[in-house]
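# Structural overview
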Amino acid sequence: MIPELRSTWSSPVGPFTVESSSAPGRSEDEKLGSWARLHFPQLALRRRLGQLSCMSKPALKLRSWPLTVLYYLLPLGALRPLSRVGWRPVSRVALYKSVPTRLLSRAWGRLNQVELPHWLRRPVYSLYIWTFGVNMKEAAVEDLHHYRNLSEFFRRKLKPQARPVCGLHSVISPSDGKILNFGQVKNCEVEQVKGVTYSLESFLGPRTPSEDLPFPPATPHSSFRSQLVTREGNELYHCVIYLAPGDYHCFHSPTDWTVSHRRHFPGSLMSVNPGMARWIKELFCHNERVVLTGDWKHGFFSLTAVGATNVGSIRIYFDRDLHTNSPRYSKGSYNDFSFVTHANKEGIPMRKGEHLGEFNLGSTIVLIFEAPKDFNFRLQAGQKIRFGEALGSL
């Protein structure tokens, strides 16, 4: 006869007991495997969870994290008995949002500025090129020893002939990347990826009564979309371009337009890859971003550079007052800056294809603009595109 087995161990929520007993007609392994069971002292667990519920929110998060991490790492159902006594794991989204991505991005930025020894540059950059499929034949300087640090390598320039600008179409791609979504803006909602939307007003920010902003006068019951569309018969369109780490990191003017206003939203720096965009609703509204608004020949036009993990640095070449990824910021706040002054009443004129700004690693560009109803995109969702290629035209 197999003796009864009983063992006890401690855990963050109380002692657990495993019992196994014999059963006639079975081998020892079958007896142990079929009769072994996990006993949860439910009264002790309820008491411990009651103590946790009395803690402050930061302390409660700290104490519940170990179990939450175990919940997602262990095989399915391993901690299911805990649900019987009222414990619920922190959601994956909340767990990810609690990661200090801004701090990590600032640390990554400091690391990027460290000058690499001459002998180390080729192996480090070669590993990056192999991992992300970078085409160095397009780079203005192909010699890897020329780039003193990772930041210079990420922001490398291209040969002039590498990206010819399409002159036949009114709107071109401002960057290399992948088309995540495009089309008309409907019901003041924009798709970040198929099936996942975000609010247009949350993304661009509320209308400000400043005369320098390119918005028409608002009426008491007008929708946010109607505040942006300046001409009768026009529609509002959008296009989302994702820049992967291996893509060319500079972005350019997508058309001939005038930039009159900049709005900077400090925020999170979560990853913006397509998988994460499907996972977190209104991801682009949570992340740090720089919204440039102005006018083109058909009315309202805007280009938004969205930050991401390790891409806290967004640079606009003509805007020296812009400082992104600051250590302190107020959630939901934004900073406005007008390029329209007494000396310059027009704003900043940009020509199609002209250098506009850059990221430090890779991120997302969102275009939102007004155009006549016969504007047509020449794109397919998911396609790769390069700077200078056509997005659409009338």
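Residues numbered from 1 in each chain as written. Predicted model: local features only at pLDDT ≥ 70, side-chain atom pairs only at ≥ 80, totals over all residues. Heavy atoms only, no water.

The protein is annotated in an unreviewed UniProt entry as Phosphatidylserine decarboxylase proenzyme, mitochondrial from Bos taurus. The UniProt entry for the protein carries this comment under Subunit (unreviewed entry): "Heterodimer of a large membrane-associated beta subunit and a small pyruvoyl-containing alpha subunit." Per UniProt, the comment on the protein under Sequence similarities (unreviewed entry) is "Belongs to the phosphatidylserine decarboxylase family. PSD-B subfamily. Eukaryotic type I sub-subfamily." (UniProt positions renumbered as here; feature names shortened; annotations may be inferred.)

What follows is about the overall build of the protein. Per the secondary structure count, the protein includes 11 helices and 20 strands. Residue burial in the protein is summarised as follows: out of 394 residues, 47% are buried. Here the analysis covers contacts within the protein between residues at least 6 apart in sequence; of these, 72% occur between residues at least 24 apart. Total accessible area on the protein stands at roughly 20,700 Å², and carbon and sulfur atoms take up 55% of it. (Helix = DSSP H or I, 4+ residues; strand = E, 2+ residues; numbered from the N terminus. Buried < 20%, exposed > 50% of the residue type's maximum accessible area, 1.4 Å probe, protein only. Contact = heavy atoms within 4.5 Å. Areas by Shrake-Rupley, 256 points an atom, 1.4 Å probe, with all protein chains shown as cover.)

Within this numbering scheme, the UniProt entry marks Asp176, His252 and Ser363 as carrying the feature "active site" (unreviewed entry). Spanning 188 residues, the annotated positions come together in the fold, the maximum distance between their C-alpha atoms being 14.2 Å. Structurally, Asp176 can be placed in the loop between β4 (171-172) and β5 (177-184). Exposure remark for Asp176: the relative accessible area of 5% places this residue in the buried category. When neighbours within four sequence positions are excluded, Asp176 is seen to be in contact with Arg163, Ile241, Tyr242, Leu243, Asp247, Tyr248, Ile385, Arg386 and Phe387. Within polar-contact distance, the side chain of Asp176 engages the side chain of Arg163 at 2.6 Å. (Polar contact = N/O pair within 3.5 Å; in protein donor to acceptor, adjacent residues only side chain to side chain.)

Over its 12 residues, helix α5 (residues 101-112) extends 16 Å from the first C-alpha to the last, a length consistent with the 16 Å expected when each residue adds 1.5 Å. Within the sequence span of α5, burial applies to Thr101, Arg102, Ser105 and Asn112. For α5, the angular spread of buried residues about the axis comes to 100 degrees, placing them on one side. Among the exposed residues of α5, those pointing more than 90 degrees away from its buried face are Leu103 and Arg110. (Expected span 1.5 Å × (residues − 1). Arc of directions from axis to C-beta.)

One open sheet holds the three strands; their spatial order is β4-β20-β18, and the pairing between them is antiparallel. Either end of the sheet is taken by a strand with one partner, and the two such strands are β4 and β18 (376-377). Taken together, the two bridges between β18 and strand β20 (residues 390-393) define a ladder with antiparallel strand orientation. Of the residues in β20, the one forming a bridge with Phe377 is Gly392. (Pairing = 2+ DSSP bridges.)

Attention now moves to the nonpolar core. In this structure, Leu367 and Phe369 are the most contacted members of the largest nonpolar core, which totals 31 residues. Broken down by secondary-structure element, the contributors of at least two residues to this core are β8 (234-242), β10 (257-265), β11 (289-296), β12 (299-306), β13 (314-316), β16 (355-359) and β17 (364-372). It is β17 that provides the largest number of residues to this core, a total of four residues. Each residue touching Phe369, except ones within four places of it in the same chain, is listed here: Glu235, Leu236, Tyr237, Trp296, Phe300, Phe301, Phe375 and Phe377. Cys188, Val190, Leu228 and Phe265 belong to the second-largest nonpolar core, a separate cluster that totals 28 residues. (Core = buried A, V, L, I, M, F, W, Y, C linked by side-chain atoms within 4.5 Å.)

Of the residues in the protein, 66% have a pLDDT of 70 or more, and the chain-wide mean is 76. A low-confidence stretch, residues 29-43 (pLDDT under 50), is modelled with 33 contacts involving residues beyond four sequence positions or located in other chains. Contacts for the low-pLDDT stretch residues 52-63, under 50 throughout, to residues beyond four places or in other chains number five contacts. (pLDDT = per-residue confidence, 0-100.)

Right, let's talk about the UniProt feature "modified residue: Pyruvic acid (Ser)" (unreviewed entry) in the protein for a bit. Under the UniProt annotation, "modified residue: Pyruvic acid (Ser)" (unreviewed entry) lies at Ser363. Here Ser363 shows up in the loop between β16 and β17.

Strand order across the open sheet formed by three strands is β9-β16-β13, with antiparallel pairing between neighbours. Bordering the open sheet on either side are β9 (250-252) and β13, each of which pairs with just one other strand. Neighbouring strand axes in the sheet, compared pairwise and without regard to direction, differ in orientation by 20 degrees on average. (Axes fitted to C-alpha atoms, helices over the stretch in contact; angles between N-to-C directions.)

What follows is about unusual backbone geometry. Of note, Asn187 is a non-glycine position whose phi angle comes to about 55 degrees, a positive value. When you line up the elements, Asn187 lands in the loop between β5 and β6 (189-193).

Counted by the stated rule, this structure contains 14 salt bridges. Among the salt bridges present, the one from Glu142 reaches Lys159, with a minimum N-O distance of 2.7 Å. A residue pair is termed long-range when its members are at least 10 positions apart, and Glu142 in the loop between α6 (118-132) and α7 (150-154) and Lys159 in the loop between α7 and β4 qualify at 17 residues. For Arg386, the salt bridge is made with Glu389, and the minimal N-O distance between the two is 4.0 Å. (Salt bridge = Lys/Arg side-chain N within 4 Å of Asp/Glu carboxyl O.)

Given a rise of 1.5 Å per residue, 15 residues ought to cover 21 Å, and the 22 Å separating the end C-alpha atoms of α6 matches this to within 8%. Every buried residue of α6 is accounted for by Arg121, Tyr125, Tyr128 and Ile129. In a view along the axis of α6, the buried residues occupy a sector of 100 degrees, so they form one face of it. Turned more than 90 degrees off the buried face of α6, the exposed positions are Trp119, Leu127 and Trp130. Contact partners of the buried residues in α6: α7. Of the residues trailing α6, Gly133 is marked for its positive phi of about 70 degrees.

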